[in-house]
Amino acid sequence: MSLLVVGTIGIDTVETPLARRDDVLGGSAVYFSFAASYFTRVSLVSVVGRDFPTAFKTLLTKRDIDLSGMQVADGQTFRWTGKYHKNMIDRDTLEVRLNVFEHFDPKVPDLACNANYVFLANGSPSVQRKVLQQMKKRPAFVAADTMNFWIETAREELDALVAELDALMINESEARMYTGERELMCAGRALIKKGPRCVIIKKGEHGALVITTDGAFFVPAYPLTAVIDPTGAGDTFAGGIMGYLAAKQFLSRENLRRAVVYGAVIASYTCQDFSLDALQRTTRADIDARYKELLEMMSIPS
């Protein structure tokens, strides 16, 4: 297994200015693994409750996502309810029920313990580190996501995790909060000093700033004419990046840049419908065509 992801599997209720959907498939590991599956096979480690619909499991297995690390526990699956503002950027979390995820103790399957690429989706830094301790060898590339809650409440544990990473993915407000730096370039460089060789600062509809030990580059978001539901865009962005890198099995400056562009493209598809609905209609050929289109938009004649 070349790529391992550990994170949430959830059941979401989402309301936007356009519509509302109840009890749809969600969760960071779900969005990530579906996006990454366009490039490579993924092993997903998470936990669900007895209420988790068989149809949701079937949807993931049809993408050849390995669910041998998906625990089924007594109780209900993680649930999130959110409502987006008119700008489709800001949102209110109306309800979070951790349910079985509250006591999640990840168990990495034997086959996945040799994964060369590992993504630790947003979660407790102590739990994320527990995953790394189960790997049989040091993976070639480890990336993780985090959020303001852990920056505020588990700074010491987060620092210890970041020191073990090759890449940290973080949004712009969290980068400023974590480092105390106003300018994103300064924030990125401060994060590099904590250990990772790459920091990917997510800027939502304005793309992503990537800072590495030997430079920086910027990738814009793919411009959409309509956004239906942006839930999971950041997780599919990460899935596109890690899936591409895992498929190449070689980290270079060029491959990293291509991976981030692919991540931006797949994230754009996610925003075009609720849950995984748009991605289910999307083929690898569609993704490649939009990738070329975004590159063309970015090109400047010499």
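Note that the coordinates shown come from a computational prediction; the quantities given were computed from them, not determined experimentally.

*Asks:* Where do I start with the packing of aromatic side chains in this structure?
*Replies:* Ring pairs (aromatic) are described by centroid distance and by the angle formed between their planes. Counted by the stated rule, this structure contains eleven aromatic pairs. Each ring, one from Phe 101 and one from Phe 104, has its centre 5.2 Å from the other, and the planes form 25°; the classification is stacked. An aromatic cluster of three or more residues is present, and its members are Phe 39, Tyr 244, Tyr 262 and Tyr 291.

*Asks:* Quick question: what am I supposed to make of unusual backbone geometry here?
*Replies:* Most of the time, phi is negative for any residue but glycine, and the peptide bond is trans. At Asp 64, a position not held by glycine, the phi torsion is positive, near 60°. Even without being a glycine, Met 88 presents a positive backbone phi close to 60°. Examined against the element boundaries, Met 88 turns out to sit in the loop between β6 (78-84) and β7 (91-97).

*Asks:* Please explain the sheet that holds strand β3 (residues 20-26) as it appears in this structure.
*Replies:* Across a sheet, strands are paired by hydrogen bonds formed along the backbone, either parallel or antiparallel in direction. Taken in spatial order, the four strands of this open sheet run β3-β2-β6-β7, and their pairing is mixed. Strand pairing shows two members of the sheet lacking a second neighbour, β3 and β7, which therefore form its edges. Direction aside, neighbouring strands of the sheet carry axes that sit 20° apart on average. Both β6 and β7 contribute to a ladder of six bridges, which runs antiparallel. Note on β7: the bridge partner recorded for Lys 83 is Asp 92. Against the sheet, helix α2 (residues 54-61) engages β2 (10-15) and β3, with an angle of about 55° to β3.

*Asks:* Help me understand the sheet that holds strand β9 (residues 141-145), please; the structure alone is not making it clear to me.
*Replies:* One open sheet holds the nine strands; their spatial order is β5-β4-β1-β8-β9-β10-β11-β12-β13, and the pairing between them is mixed. On the outer flanks of this sheet lie β5 (66-73) and β13 (215-219), each paired with one strand and no other. Averaged over all neighbouring strand pairs, the angle between strand axes comes to 15°, with direction disregarded. Direction of pairing for strand β1 (residues 3-6) relative to strand β4 (residues 42-49): parallel, over a ladder of four bridges. Bridge assignment links Leu 4 to a residue of β4, and that residue is Ser 43. With respect to the sheet, helix α3 (residues 125-133) is in contact with β1, β8 (117-120) and β9, its orientation differing from that of β8 by roughly 160°. Contacting β10 (167-171) and β11 (198-202), helix α6 (residues 172-179) crosses the sheet at an angle of about 110° to β10.

*Asks:* In this structure, what is going on with the pairing of β6? I would like to understand it.
*Replies:* Walk down a regular strand and you will see the side chains alternate between the two sheet faces. The buried fraction of β6 is high, at six of seven residues. Examined bridge by bridge, β2 and β6 share six bridges and lie parallel to one another. The residue of β6 that forms the bridge with Glu 15 is Lys 83. Adjacent in sequence and paired antiparallel, β6 and β7 are bridged by six residues, among which Met 88 carries a positive phi angle near 60°.

Cut-off values and rules
Residues numbered from 1 in each chain as written. Predicted model: local features only at pLDDT ≥ 70, side-chain atom pairs only at ≥ 80, totals over all residues. Heavy atoms only, no water. Phe/Tyr/Trp six-rings, centres within 6.5 Å; stacked < 30°, edge-to-face > 60°. Helix = DSSP H or I, 4+ residues; strand = E, 2+ residues; numbered from the N terminus. Pairing = 2+ DSSP bridges. Axes fitted to C-alpha atoms, helices over the stretch in contact; angles between N-to-C directions. Contact = heavy atoms within 4.5 Å. Buried < 20%, exposed > 50% of the residue type's maximum accessible area, 1.4 Å probe, protein only.

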